[in-house]
Amino acid sequence: MTPARPRRLLIVFHSQSGRTARLAAAVAAGARECGGIETLLRRAPEAGLDDLLGCDGLLLGTPENFGYMSGLLKDFFDRTYYPAEGRTVGLPYAVFVSCGNDGSGAVREIGRIARGYGWKEVAEALIVRGEPDDEALQRAHELGAALAAGLELGIF
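Cut-offs used in this document
- Residues numbered from 1 in each chain as written.
- Predicted model: local features only at pLDDT ≥ 70, side-chain atom pairs only at ≥ 80, totals over all residues.
- Heavy atoms only, no water.
- Disulfide = S-S within 2.5 Å.
- Helix = DSSP H or I, 4+ residues; strand = E, 2+ residues; numbered from the N terminus.
- Expected span 1.5 Å × (residues − 1).
- Contact = heavy atoms within 4.5 Å.
- Polar contact = N/O pair within 3.5 Å; in protein donor to acceptor, adjacent residues only side chain to side chain.
- Phe/Tyr/Trp six-rings, centres within 6.5 Å; stacked < 30°, edge-to-face > 60°.
- Buried < 20%, exposed > 50% of the residue type's maximum accessible area, 1.4 Å probe, protein only.
- Core = buried A, V, L, I, M, F, W, Y, C linked by side-chain atoms within 4.5 Å.

## Looking at the state of the cysteines
In this structure the tally under the stated criterion is zero disulfides. Distance from the sulfur of Cys-55, which forms no disulfide, to the nearest cysteine sulfur (Cys-34) is 15 Å.

What follows is the structure in structure tokens.
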């Protein structure tokens, strides 16, 4: 009998300016504090179907570009949607966005796509306007910790 693998939290993000990357690092640090969870941090172009199918929870990070998610996060969805169709229903997820405006467009459109996959949003989107300060990085850390703890405890 092979031992069960630890539950896995996948963090997929894109960053151009470095702001979303800083948030992603804080999210991952928070998640990694939960010892029973394996945390995978992937840039959107490097994340693929196997990553998605092998995870038990998902955090998606993007800058808001022209009121939308980044093209490379959308590319992740384009590459995985049909091959994963029906195979990730109920997957718990949350979103973090860096923006100069209000971030709502990116959150709304990610939510529409996530509903198509059948995923379940388990935390309110973290929207950070401008340069991430210590408070924003702490909130990102808490988001990662909360998702990991929820997975470890079987809440999601």
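What follows picks up the thread again.
## Comments concerning helix H5 (residues 134-153)
With 20 residues, H5 extends 28 Å between its outermost C-alpha atoms, agreeing within 8% with the 28 Å of an ideal straight helix rising 1.5 Å per residue. Buried residues belonging to H5 abut strand S1 (7-13), helix H1 (19-32), strand S2 (37-43), strand S3 (57-63), strand S4 (92-99) and strand S6 (126-129). For H5, the N-terminal cap is Asp-133; the gap from its side-chain oxygen to the backbone nitrogen of Glu-135 is 3.2 Å.

## As for the environment of Arg-79
Residue placement: Arg-79 occurs in helix H3 (residues 71-84). Remark: the alpha-carbon pair of Arg-79 and Phe-13, spanning 66 residues in sequence, is separated by 15 Å. Setting aside residues no more than four positions away along its own chain, Arg-79 makes contact with Ala-44, Pro-45, Ala-47 and Gly-48.

## Examining the packing of aromatic side chains
The description of two aromatic rings rests on the distance between their centres and on the angle between their planes. If you walk through the whole model with that rule in mind, you get seven aromatic pairs. Aromatic pair Tyr-81 and Tyr-82: ring centres 5.0 Å apart, planes at 90 degrees, arrangement edge-to-face. Given the relative accessible area of 61%, Tyr-82 is considered exposed. For the pair Tyr-93 and Trp-119, a centre-to-centre distance of 5.9 Å together with 55 degrees between the ring planes defines the contact as tilted.

## Overview of helix H4 (residues 104-117)
With 14 residues, H4 extends 20 Å from end C-alpha to end C-alpha; this agrees with the ideal 20 Å at 1.5 Å per step. The complete set of buried residues in H4 reads Gly-105, Ala-106, Glu-109, Ile-110, Gly-111, Ile-113, Ala-114 and Tyr-117. Among the structural elements, helix H2 (49-53), S3, H3 and S4 are those in contact with the buried residues of H4. Positive backbone phi, approximately 90 degrees, marks Gly-118, located one or two places after H4.

## Quick look at the side chain of Asp-51
Topologically, Asp-51 is positioned in helix H2. Contacts of Asp-51, omitting those with residues within four sequence positions, involve Leu-10, Arg-42 and Glu-46.

## Describing the nonpolar core
Among the nonpolar cores identified, the biggest contains 26 residues, and Val-12, Leu-52, Leu-58, Leu-60, Phe-77 and Trp-119 are the most heavily contacted of them. Of all elements in the fold, only S1, S3, H3, S4 and H4 reach the threshold of two or more residues within this core. Looking at which element gives the most residues to this core, the answer is H4, with five residues. What Val-12 contacts, discounting residues up to four positions off in sequence, is Arg-42, Ala-44, Ala-47, Leu-58, Leu-59, Leu-60, Gly-61, Leu-73 and Phe-76. Core analysis: the second largest hydrophobic core is formed by 23 residues, Ala-24, Cys-34, Leu-59 and Ala-136 among them.

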